[in-house]
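Take a look at the letters that make up each chain.
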Amino acid sequence: MTRIEQVLYTAKTHTTGGRDGNARSSDGRLDLKLSPPGGNGQGTNPEQLFAAGWSACFIGALGHAARAMKVQLPADLAVDAEVDLGTAGGAYLLQARLNVSLPGLEREVGQALIDAAHQTCPYSKLTRGNIHVELALAA
């Protein structure tokens, strides 16, 4: 396992009540109600937060890959992340799909960007070999 040599940022949160509780960041920028997935609660859930964080990070990794490949990313690029919570063999598991929209780019260039981003994105590294992940370039 590779260890961090220089910490660039540390996110700190305080959560109470689990999936039916509250989460607040140490700087107060995040302060939200949590609700179980598919429930009637008014809050978000950990799977939505994970999907939002991963898709935002993946866009950053796409930018890094584009700079390395000297490719201009489209202004309207988007990543639609889907994170499933399910069970197998009595255990709870996650799986995910990242659907990447890179309008105006040739398909081969878009796929190369996605592949490179998936190698450098910290969230992708976190999930690699741990959960089933599908990457798709939107048509």
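Each remark here, short or long, concerns the structure printed above.
All of these numbers come straight from a predicted model, not from anything done at the bench.

Q: Help me out: how do you make sense of the overall build of the chain in this one?
A: Helices and strands together make up the secondary structure of the chain, namely three helices and six strands. Secondary structure elements of the chain, listed N to C terminal, follow the sequence β-β-β-α-β-β-α-α-β. In terms of its C-alpha atoms, the chain occupies a principal-axis envelope of roughly 45 × 35 × 35 Å. By residue count, 27% of the 139 residues in the chain fall in the buried class.

Q: What should I look at first to understand the packing of helix 1 (residues 46-69) against helix 2 (residues 107-120) in this one?
A: When two helices pack together, you describe them by how their axes are tilted relative to each other and by the distance separating the axes. At their nearest, the axes of helix 1 and helix 2 sit 8 Å apart, and the two run at 120° to each other. The crossing of helix 1 and helix 2 is right-handed. When helix 1 is examined against helix 2, the residues Phe58, Ala61, Leu62, His64, Ala65, Ala66 and Met69 are found in contact with a partner set consisting of Val109, Ala112, Leu113, Ile114, Ala116, Ala117, His118 and Thr120. Broken down by class, the residue content of the contact of helix 1 with helix 2 amounts to 12 nonpolar, three polar and no charged.

Q: Help me understand the nonpolar core, please; the structure alone is not making it clear to me.
A: Looking at soluble globular proteins, one finds that nonpolar side chains tend to be buried together. Among the nonpolar cores identified, the biggest contains 21 residues, and Phe58, Leu62 and Leu102 are the most heavily contacted of them. Contributions of two or more residues to this core are made by helix 1, strand 4 (78-88), strand 5 (91-101) and helix 2. Other than its neighbours up to four places away in sequence, Leu102 contacts Leu73, Pro74, Leu77, Gly110, Leu113, Ile114 and Leu137.

Q: Please clarify how helix 1 should be interpreted in this entry.
A: Residues separated by three or four positions in an α-helix point in the same direction, a consequence of the helix having 3.6 residues per turn. In this model helix 1 runs 34 Å from its N-terminal to its C-terminal C-alpha over 24 residues, within 8% of the 34 Å that 1.5 Å per residue would give. Listing the buried residues of helix 1 in full gives Glu47, Phe50, Ala51, Gly53, Trp54, Ser55, Phe58, Ala61, Leu62, Gly63, Ala65 and Ala66. The elements touched by buried residues of helix 1 are strand 4, strand 5, helix 2, helix 3 (122-127) and strand 6 (132-137). Positive phi appears at Lys70, one or two residues downstream of helix 1, with a value of about 55°.

Criteria and thresholds
Residues numbered from 1 in each chain as written. Predicted model: local features only at pLDDT ≥ 70, side-chain atom pairs only at ≥ 80, totals over all residues. Heavy atoms only, no water. Helix = DSSP H or I, 4+ residues; strand = E, 2+ residues; numbered from the N terminus. Buried < 20%, exposed > 50% of the residue type's maximum accessible area, 1.4 Å probe, protein only. Axes fitted to C-alpha atoms, helices over the stretch in contact; angles between N-to-C directions. Left-handed = near helix turned anticlockwise from the far one by under 90°. Contact = heavy atoms within 4.5 Å. Nonpolar A, V, L, I, M, F, W, Y, C, P; charged D, E, K, R; others polar. Core = buried A, V, L, I, M, F, W, Y, C linked by side-chain atoms within 4.5 Å. Expected span 1.5 Å × (residues − 1).

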